[in-house]
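Coordinates in review
What follows is each chain in one-letter form.
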Amino acid sequence: RCQAPPCGHQSQRANPLAEDLIRDARIKGLLKEGGTSRRKVVDELLAAVGRKAESFYYAFGDTNAFVIVDVPDNVTAAAVALTVGASGAVTLKTTVLMTAEEVDQATKKSPAARSSA
């Protein structure tokens, strides 16, 4: 099976962006244990479902952490998000990211694109 979208098969891989708002006791833990300890927790959670973080960044502003996760599909992404959310320790927002090739595929399926041709 082809792994790259241009070959004609649909990509099943998902790259959700998880956003986290760090508050209260977690800030104290971050100050005490550092940023790499929090990244390690994320890495361990993802390893438990056979996945990994593609990137992990802390940020200033409304969202304090951004993680791009390598998962095979949106169902697995949802399972990870549900597991994290069930802990109650994280305010999590998940955004599904798409490649440019996936957008190309979407435009070809769009009725608007077909009617303007």
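In case you missed it, the structure is sitting above this.
Everything in this summary refers to the structure shown in the same document.

So, how was this worked out
Residues numbered from 1 in each chain as written. Predicted model: local features only at pLDDT ≥ 70, side-chain atom pairs only at ≥ 80, totals over all residues. Heavy atoms only, no water. Salt bridge = Lys/Arg side-chain N within 4 Å of Asp/Glu carboxyl O. Helix = DSSP H or I, 4+ residues; strand = E, 2+ residues; numbered from the N terminus. Buried < 20%, exposed > 50% of the residue type's maximum accessible area, 1.4 Å probe, protein only. Phe/Tyr/Trp six-rings, centres within 6.5 Å; stacked < 30°, edge-to-face > 60°. Core = buried A, V, L, I, M, F, W, Y, C linked by side-chain atoms within 4.5 Å. Contact = heavy atoms within 4.5 Å.

1. With respect to the pattern of salt bridges
Taken as a whole, this structure holds two salt bridges when the rule is applied. The salt bridge involving Lys40 is made with Glu44; its shortest N-O contact spans 3.9 Å. Taken as a pair, Lys40 and Glu44 lie in helix α2 (residues 35-48) at a separation of four residues, close to a single helical turn. Here Arg51 ties to Asp70 by a salt bridge, and the two come within 3.6 Å at their closest N and O atoms. Taken as a pair, Arg51 in the loop between α2 and β2 (52-58) and Asp70 in strand β3 (residues 65-70) lie far apart in primary sequence, 19 residues in all. The exposure class of Asp70 is buried, given its relative accessible area of 13%.

2. Some remarks on the packing of aromatic side chains
Tallying each qualifying case throughout the model produces one aromatic pair. When the ring of Phe56 is compared with that of Tyr58, the centres are 5.1 Å apart and the planes differ by 70 degrees; the resulting orientation is edge-to-face. Owing to a relative accessible area of 17%, Phe56 belongs among the buried residues under this scheme. Judged by relative accessible area, which is 34%, Tyr58 ranks as partly exposed.

3. Topic: the nonpolar core
One recurring pattern in soluble globular proteins: nonpolar side chains tend to sit buried together. By size, the foremost hydrophobic cluster in this structure holds nine residues: Leu46, Ala53, Phe56, Val67, Val69, Val71, Ala77, Val80 and Val84. Secondary structure elements with two or more residues in this core: β2, β3 and α3 (74-86). In terms of residues, this core owes the most to one element, α3, which gives three residues. Setting aside its immediate chain neighbours within four residues, Leu46 contacts Arg51, Lys52, Ala53, Val69 and Val80.

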